[in-house]
Amino acid sequence: MPNEPMTTTRWQHWREMNRQLWRLGLIAVVTLALMRFALWQLEAPPSLDVPTSEIARAFWMGLRFDAKIMATLLGPWLLVATALLPLPRVIIASWRRLWLVWAIVIMVLVNLLALINHFYFSFYQGPINSLIFGLFEDDTRAVLQTIWSDYPFIPLVIALIGMTGTQIVLMRHGHRRSRRGLGWRRMGLLAVVSIVALVGLGRGSLGAFPLREMHMAVSSNAFVNDLVPSGPQAFYLALGEREVSQIDDDPRSGLKRYGFATPMEAAAALGWSGAETPQAVSEHMSDKTPAVTAAERRPPHVVVSLMESWGRPPLDFDDPERNDLLGRLRPWLEKKADYFPHALSSGNGTHPSLEGLLFDTPITPLTQGRYGYRQYSTSAVAPYEHAGYHTVFLTSGSAHWRNLDGALKRQGFDEVLGENAIRERFPEAQGSTWGLFDEWMFRYGEALLKEADAKGEKVLLVMLSITNHPPYEIPESYETGPLDVSSLGDALAVSSELGSSILETYQYANDSVGGFLDDLEAAGLMDHTLFAATGDHNTRSLMSYPDAENLFDQFGVPILMWVPPAYRQGDEAQIDDWTSHRDIFPTLWAHSLSESRIPWVGRDLYTPMASPAALTFNYQDGGEGVMVSEAGAVTNLADPTYYRWSNGLLESEAAPSDALREQARRAQARVGLEDWRIRREAVATEESPKP
């Protein structure tokens, strides 16, 4: 045939791309498997005790997911090359030249995500998730400075270049088959086999159902399951998780996810009577505080401090003589105030917990983007605003972080102040990467309260600290109390040097808030000031608690409350109850606002309650919503996984008790209604009164 040489040349381009594509895919899968092995060897908790078969299943399933993602990234290139075969030879020749560029870009991306996943795992005790997008939503410059300071950035760049270069060289190396044509039939068969194989790998299965996220559950041990997704796969899942958090136009979509077709169905699960229309349900979702004589006579100041990385588990290793983690906070936590040790954070990041605390929202981020211009009925600040309080948000970091300045003012704060305001008052203030050291925030807060008190003003002050955060720096002038990182024993998950730095900032932050309370007491303010402090999430890196059996440690934070005797009205703190961030403001409202309208959120921690439970919006076991109580625990409320207590730890339970099932059903209804409330306010949708 006169055009046979040209046809053969076309196939030669296609065959070479096909050969290199499969070789590169294999190289990438091997690389990701080696990274998984390194993760297993370096990050496994000391207490990990699982059968070798479960580790093998994690590696096998991880291998399948790695092949799937590489087929997805590389396969389309071959499909296009196949479609170009009938066209002039110059087109497929150009496409082949572009292939090398594409291969380099793909491998840089794959290698970068694999390396990021390794260090992300060491910090968050889990693979990449939606929190990674905080790089763009946080103070990006500060994040990059932290990465530069805390991680071997230049060696990692060199490693990235070296890995990618080696992979590309291996891809192009090897004996090339004879250039003589194989004939249309054999070449056609090769093309069909290659494309079918790529499609099969891209689905992860040749069966009826493709490989999906649900297949990552290969063990009852969370660490083993977390080994399955490689960096690229984890990032892909994070993108999906991020997409789920976006608000759609159906206000009932969250309700449906938790098993309720209408808000009336969820209301019925909670035992509400008369809630027969969406409007009636909405009216049930507000409450009224009791009469508080002391608050009518003298409205108190209210102070809430959200402490960076103030996890509860480190307090298990506190020792005033050897490992003092509290400093001047010790008298308040041990006897002066009320300490609730069975508390969970509403989210597992600073911004999710802040929004959960202030807006009781399962949808986060809520106040960023276009939804931040709405005013929400769940605002914890609004009842104080309506009561004539001067409302202030104060942070030792930037007031523009996550657009706090604009967003919080739309939700009831009169002022949003950050490090610039603090520096104006205290020019000598010092700080680190993320802002000023905590002591300066507390000094500013103290001055603000004293000045307001002298003027007869009542103040709501919400503070966000930042010092107990990488790169773990404290002021040179601060004299640390006794610390001994070895007291953590096998619980220590990092080097002794890094562990000591974390304990120093942990102690410093606690000492700072303790000094703040001491100063307010000396100034005579504590007899008419309500105070609450809690952590935004667990203490990162220091300890490892990736397993569901340690669920209450993974999300455990202290809650410290001070309600002056005159405002308690004889009520006793229910310190043994399970609680969460969602109960902080309801408690403060109940003892500082007399007969005021408030949103339906949590409960008063100074009032006894039957079957108390901690309910949060945290992600666990593949879904949102975590509840812990004396009856056990439930995770992923949309598709519940149940746990029972056994010797102080949680074990998976296939046949949960009736009490736990009932609490799970009520938790589903509660979160579903809260999602419905926020979602319809965000999209400003009015629903028909008919179901």
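What this report covers is the structure whose coordinates are included nearby. (Residues numbered from 1 in each chain as written. Predicted model: local features only at pLDDT ≥ 70, side-chain atom pairs only at ≥ 80, totals over all residues. Heavy atoms only, no water.)

Axis separation between helix α19 (residues 438-455) and helix α20 (residues 496-522) bottoms out at 9 Å; the angle between their running directions is 15°. The pairing of α19 with α20 is recorded here as roughly parallel in orientation. As α19 packs across α20, the resulting crossing turns out to be right-handed. Across the interface between the two elements, D438, E439, F442, G445, E446 and L449 of α19 pack against Y508, A509, S512, V513, F516, D519 and L520 of α20. The residue inventory of the contact of α19 with α20, partitioned by class, reads seven nonpolar, two polar and four charged. (Axes fitted to C-alpha atoms, helices over the stretch in contact; angles between N-to-C directions. Helix = DSSP H or I, 4+ residues; strand = E, 2+ residues; numbered from the N terminus. Parallel < 35°, antiparallel > 145°, perpendicular 65-115°, else oblique. Left-handed = near helix turned anticlockwise from the far one by under 90°. Contact = heavy atoms within 4.5 Å. Nonpolar A, V, L, I, M, F, W, Y, C, P; charged D, E, K, R; others polar.)

Moving on: the environment of L156. Following the sequence through the fold, L156 ends up in helix α6 (residues 153-172). Look at L156 and you get partly exposed, because its relative accessible area is 22%. The spatial distance from the C-alpha of L156 to the C-alpha of I116 is 9.6 Å, given a sequence separation of 40 residues. Once residues within four sequence positions are removed from consideration, L156 is found in contact with L115 and F119. (Buried < 20%, exposed > 50% of the residue type's maximum accessible area, 1.4 Å probe, protein only.)

This part is about the pairing of strand β9 (residues 459-464). Side chains on a regular strand alternate between the two faces of the sheet. The buried fraction of β9 is high, at six of six residues. The two faces of β9 match: V459, L461 and M463 on one face and L460, V462 and L464 on the other face are all buried. Sheet analysis places strand β2 (residues 301-307) next to β9, joined by five bridges and oriented parallel. Paired with V303 across the strands is L461, a residue of β9. (Pairing = 2+ DSSP bridges.)

With that out of the way, let us pick up the packing of aromatic side chains. For any pair of aromatic rings, the description rests on two quantities: the centre-to-centre distance and the angle between the ring planes. Within this structure, the stated rule accounts for 20 aromatic pairs. Here F121 and F223 contribute two aromatic rings whose centre-to-centre distance is 5.7 Å and whose plane-to-plane angle is 90°, an arrangement assigned as edge-to-face. Residue F121 is found in helix α3 (residues 89-124), and its partner F223 is found in helix α8 (residues 222-227); the two are separated by 102 residues along the sequence. F121 gets classed as buried once you look at its relative accessible area, which sits at 2%. The buried category is assigned to F223, whose relative accessible area is 0%. (Phe/Tyr/Trp six-rings, centres within 6.5 Å; stacked < 30°, edge-to-face > 60°.)

Before going further, it helps to examine the nonpolar core. Core analysis: the largest hydrophobic core is formed by 56 residues, its most contacted members being F516, F531 and L560. Tallying contributions element by element places α20 first for this core, with nine residues. Residues F413, L460, A532 and I678 belong to the second largest nonpolar core, which totals 50 residues. (Core = buried A, V, L, I, M, F, W, Y, C linked by side-chain atoms within 4.5 Å.)

A word on unusual backbone geometry. The peptide bond linking T364 to P365 adopts the cis configuration, its omega dihedral lying at 0°. Residue placement: P365 occurs in the loop between α15 (350-359) and α16 (382-386). Here the phi dihedral of S541 falls at roughly 70°; this positive angle occurs in a residue that is not glycine. For S541, the position within the fold is in the loop between β10 (529-535) and α21 (551-554). Look at E595: it is not a glycine, yet its phi comes out positive at around 50°. Among the structural elements, E595 can be located in the loop between α23 (584-592) and β13 (597-599). Under the relative-accessibility criterion, E595 is labelled partly exposed at 47%.

Tallied over the full model, the rule gives 25 salt bridges. Two residues, D250 and K256, come together in a salt bridge whose shortest N-O distance is 3.1 Å. A residue is classified by how much of its surface remains accessible, and D250, at 30% relative accessible area, is partly exposed. D675 is paired through a salt bridge with R257; the nearest N and O atoms lie 3.6 Å apart. (Salt bridge = Lys/Arg side-chain N within 4 Å of Asp/Glu carboxyl O.)

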